Amino acid sequence: MVRKYLRNRPKTWTARLTKRSPVSDKPHYTGHRQRLRQRLLQSGAEALPDYELLELVLFSALPRQDTKPLAKQLIDTFGSFAEVVAAEPNALKKVPGVGDAVIATAILDRLLHHCKVVNIKGHSF
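Since the model is a prediction, treat every value here as computed from it, not as a measurement.

## As for helix α3 (residues 32–43)
With twelve residues, α3 ought to run about 16 Å at 1.5 Å a step, and its terminal C-alpha atoms sit 16 Å apart, in line with that. Burial in α3 covers these residues: H32, R33 and L36. Projection of α3 onto a plane perpendicular to its axis shows the buried side chains occupying an angular sector of 105°, all on one side. Of the exposed residues in α3, the ones pointing more than 90 degrees away from its buried face are L41 and Q42. Looking at the buried side of α3, the elements it contacts are α4 (50–61) and α5 (68–78). In the segment just after α3, G44 is the residue with positive phi, at about 90°.

## Digging into a nonpolar patch on the surface
Side chains of I107, L108 and L111 sit close together on the surface and give an oily, nonpolar patch of about 270 Å² of accessible area. Its location among the elements puts I107 in helix α8 (residues 100–113).

## Concerning the pattern of salt bridges
By the definition in use, this model includes one salt bridge. Between R39 and E52 there is a salt bridge, and its shortest N-O distance comes to 2.9 Å. Here E52 lies in helix α4 and R39 lies in helix α3, a separation of 13 residues in the sequence. We classify R39 as partly exposed; its relative accessible area is 35%.

## Some thoughts on the packing of α4 against α8
At a minimum axis distance of 9 Å, the contact between α4 and α8 shows a crossing angle of 125°. With respect to α8, the axis of α4 lies oblique. For the pair α4 and α8, the crossing hand works out as right-handed. Taking contact as the criterion, the partners of V57, L58, S60 and A61 in α4 are, on α8, A101, V102, T105 and D109. Of the residues belonging to the contact of α4 with α8, the class tally is five nonpolar, two polar and one charged.

About the cut-offs
- Residues numbered from 1 in each chain as written.
- Predicted model: local features only at pLDDT ≥ 70, side-chain atom pairs only at ≥ 80, totals over all residues.
- Heavy atoms only, no water.
- Helix = DSSP H or I, 4+ residues; strand = E, 2+ residues; numbered from the N terminus.
- Expected span 1.5 Å × (residues − 1).
- Buried < 20%, exposed > 50% of the residue type's maximum accessible area, 1.4 Å probe, protein only.
- Arc of directions from axis to C-beta.
- Contact = heavy atoms within 4.5 Å.
- Patch = residues over 30% accessible without salt bridge, like charges linked within 9 Å, V, L, I, M, F, W, Y side chains within 5 Å.
- Areas by Shrake-Rupley, 256 points an atom, 1.4 Å probe, with all protein chains shown as cover.
- Salt bridge = Lys/Arg side-chain N within 4 Å of Asp/Glu carboxyl O.
- Axes fitted to C-alpha atoms, helices over the stretch in contact; angles between N-to-C directions.
- Parallel < 35°, antiparallel > 145°, perpendicular 65-115°, else oblique.
- Left-handed = near helix turned anticlockwise from the far one by under 90°.
- Nonpolar A, V, L, I, M, F, W, Y, C, P; charged D, E, K, R; others polar.

What follows is the structure, given as structure tokens:
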């Protein structure tokens, strides 16, 4: 039926109707982590929404998992990136999908945020 319909159309229409646009074999999220890292490096943390900053932090805790849904859920629960990082471990554990790896990452991020660079002259032992 379709072929018969296409045969009666002018050739230019047939070409448009039968040509397929190139479809990528890769899913749309391929390279998402790299794109986020590049945006962070090029534009700074201020250019990223809180959930994307949290995604970047969660990458190390959840290396083979999509971190966007969890990041958005944490932001919805606590209100901001700062509140998620400052949250108590027991409060974080109440959020589905949060385990020890996520909690440890949040604690490390909190510690690193409050670090100061100290220049030591001589030996540091």
